[in-house]
Amino acid sequence: MANPPSIKPRLLVVDDDPLITDGLAFALGAEYDVLACASRGEAVERLRALDAPPRLALVDLGLPPTPHAPDEGFQLIADLLAHAPAMKIFVLSGQNEAANARHARALGAWEFVAKPSEPALLKRLFARALAAPSGEEDALVGQSAALAKLKSQVAQFAPSPYPVLIEGESGSGKEMVARSLHRLSPRSSKPYLTLNCAAIAPTLVEPTLFGYVKGAFTGAAANKAGYFEDAQDGTLVLDEIGELPLELQAKLLRVLENGEYQRVGETQLRFARCRVIAATNRDLRREVKKGGFRADLYHRLSVFALSVPPLREMEADKLLLLEHFRRLAAAQAGAQPFDLDPQAAARWQQYDFPGNVRELRNIVIRLATKYPGQRLSAAELEAELDIEPQTPASAHGDIVEQALRQLERAASFSLDETLRAWERGYIEAALRLTRGNVSQAAKLLGVNRTTLYSRMDSGEEK
């Protein structure tokens, strides 16, 4: 008679140390249906016999090597995802090395966890993984015309092997677009890696991208693969590509044109087979004209170009994004979602979100933490949005009327007098709106406080 299906999430634990598997089965058994295996072969065989694959896996990278697979732990990640692409794999390793973590994530691992790891930490990580279905956090959410056009272009460009250039303001969702391109491509089961070119020292960019051999430079104690090698057959995203040093732009161009590159310190040619996606918040066309970016590289990268619209151009999508991230944040926190009253919802839709989708998501996470299950008023929401004083729509008209009345009373229509009258009107209106707060008035007028004091003094002397 078949065993009844477990109502607990199934967790596969693969480690050759029975003390670890037994300990984890004891610590996690109340919440998870733990299946313990001691080797890659046993895990694969066990998987094939199950009616449904586990939703989670915890894999030890240090599994004993075999003649055909010296890196059993890494190979097991690929085996598990080939059998169950939706499985969330956590890698457990006593070697807390960045290269291991990067390679594990390139193969599709969800998270890298260093040994020893507390059961409480594992429970939190597992809960977050179960609450966020694959790809949901990176989904392109919205129904605006601008987003509909972007989605159509992503679907059109995704199957191609050629480079894509994604342009857009900071926080607008360029990373989400890149992930969507990868997820919809034939490479979706292959590695996906991202390198932020602005977050790494210029001298480290080349060895990070192309790898290096032992002795190539001080500190190079062993051979290391680079991002191009780790992303083989998959997707490599070069974020903030505009920050790439000029001398490296030529080497990147060579890879894009014929696939050739070399590890630092070696003469052997290697060949890259990954697709390159570049992202930037800078105007690369302008950088080309200024000499800060190679024209040939720009044209090679922009075979397909995507422009991600800022959130202020997608009014209709702000509430949809609120609902999307609110649900995810509540699920991850294990709490009831917050809500907005009608006035707060209207204020949410009016807010410009200068930080775009990133700012919106972070605000939602903060609200979900501070107000679980509560309904926020407009005043409470505005306190979280940190809104600067805004000039009412009628204020500019009042200022213009005031300046015209002053002109009518003037003996002549002197340009200097007209400009001074206009300036005094704006300063007085800004001070009224900010209740006499000079610092806030200066921000409203777009000048610094010292300049405003000077203009005010000049006006009084006149």
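What you are looking at is a predicted structure, and each value in this text was computed from that prediction instead of being measured. (Residues numbered from 1 in each chain as written. Predicted model: local features only at pLDDT ≥ 70, side-chain atom pairs only at ≥ 80, totals over all residues. Heavy atoms only, no water.)

Asks: Even after reading the chapter, I still don't get the overall build of the protein chain, so can you show me in this structure?
Replies: The helix and strand inventory of the protein chain stands at 20 helices and 14 strands. Across the 462 residues in the protein chain, those meeting the buried criterion constitute 43%. Long-range contacts, defined here as pairs at least 24 residues apart, represent 68% of the contacts in the protein chain between residues at least 6 apart. Carbon and sulfur atoms provide 52% of the accessible area of the protein chain, an area that totals close to 24100 Å². (Helix = DSSP H or I, 4+ residues; strand = E, 2+ residues; numbered from the N terminus. Buried < 20%, exposed > 50% of the residue type's maximum accessible area, 1.4 Å probe, protein only. Contact = heavy atoms within 4.5 Å. Areas by Shrake-Rupley, 256 points an atom, 1.4 Å probe, with all protein chains shown as cover.)

Asks: Any chance you could explain the packing of aromatic side chains here in plain terms?
Replies: What characterises a pair of aromatic rings is the spacing of the ring centres plus the angle enclosed by the ring planes. Applying the stated criterion across every chain yields a total of nine aromatic pairs. Summarising the aromatic geometry, the rings of Tyr32 and Phe126 are spaced 5.5 Å apart at their centres and angled 80 degrees between planes, so their arrangement reads as edge-to-face. Remark: Phe126 occurs in helix 5 (residues 119-131) and Tyr32 occurs in the loop between helix 1 (18-28) and strand 2 (33-37); sequence separation between them is 94 residues. Of the two residues, Tyr32 and Phe126, neither departs from the other in class, the shared state being buried. Aromatic rings pair up to connect Tyr32, Phe90 and Phe126 into one cluster. In this structure, Lys88 packs its charged tip against the face of Trp110, placed 4.4 Å from the ring centre. The aromatic ring of Phe338 is capped on one face by Arg326, whose charged end is 5.8 Å from the ring centroid. (Phe/Tyr/Trp six-rings, centres within 6.5 Å; stacked < 30°, edge-to-face > 60°. Lys NZ or Arg CZ within 6 Å of the ring centre and 35° of its normal.)

Asks: What's the story with the pattern of salt bridges in this structure? I'm lost.
Replies: Once their charged atoms are close, side chains differing in charge can pair, the charge on each being opposite to the other. Using the criterion set out here, one finds 24 salt bridges in the structure. Measuring nitrogen to oxygen at the nearest pair gives 3.2 Å for the salt bridge that ties Lys123 to Glu31. Separated by 92 residues along the polypeptide, Lys123 in helix 5 and Glu31 in the loop between helix 1 and strand 2 bring together distant segments of the chain. A salt bridge links Glu266 to Arg270; the shortest N-O distance between them is 2.7 Å. A single burial state applies to Glu266 and to Arg270, both of which are buried. One salt-bridge network, in which partners are shared between bridges, spans Glu229, Arg263, Glu266 and Arg270. (Salt bridge = Lys/Arg side-chain N within 4 Å of Asp/Glu carboxyl O.)

Asks: Before we go on, may I ask you to explain the nonpolar core in this structure?
Replies: The tendency in soluble globular proteins is for nonpolar side chains to be buried side by side. Among the nonpolar cores identified, the biggest contains 42 residues, and Ile166, Val177, Leu181, Leu306, Phe338, Leu340 and Trp348 are the most heavily contacted of them. Looking at which element gives the most residues to this core, the answer is helix 15 (residues 356-370), with six residues. Among residues more than four places away in sequence, those in contact with Leu181 are Val154, Phe157, Ala158, Val164, Ile166, Ile277 and Leu306. (Core = buried A, V, L, I, M, F, W, Y, C linked by side-chain atoms within 4.5 Å.)

Asks: What is the right way to read the packing of helix 15 against helix 16 (residues 378-385) from this model?
Replies: When two helices pack together, their arrangement is given by the angle between the helix axes and by the axis-to-axis distance. As a packed pair, helix 15 and helix 16 sit with axes 11 Å apart at the nearest point and diverge in direction by 125 degrees. By the criterion of interaxial angle, the relationship of helix 15 to helix 16 is oblique. The way helix 15 lies across helix 16 gives a crossing that is right-handed. Together, Ile363, Arg366, Leu367 and Lys370 of helix 15 and Leu381, Glu384 and Leu385 of helix 16 make up the contact between the two elements. Taken together, the residues of the contact of helix 15 with helix 16 break down into four nonpolar, no polar and three charged. (Axes fitted to C-alpha atoms, helices over the stretch in contact; angles between N-to-C directions. Parallel < 35°, antiparallel > 145°, perpendicular 65-115°, else oblique. Left-handed = near helix turned anticlockwise from the far one by under 90°. Nonpolar A, V, L, I, M, F, W, Y, C, P; charged D, E, K, R; others polar.)

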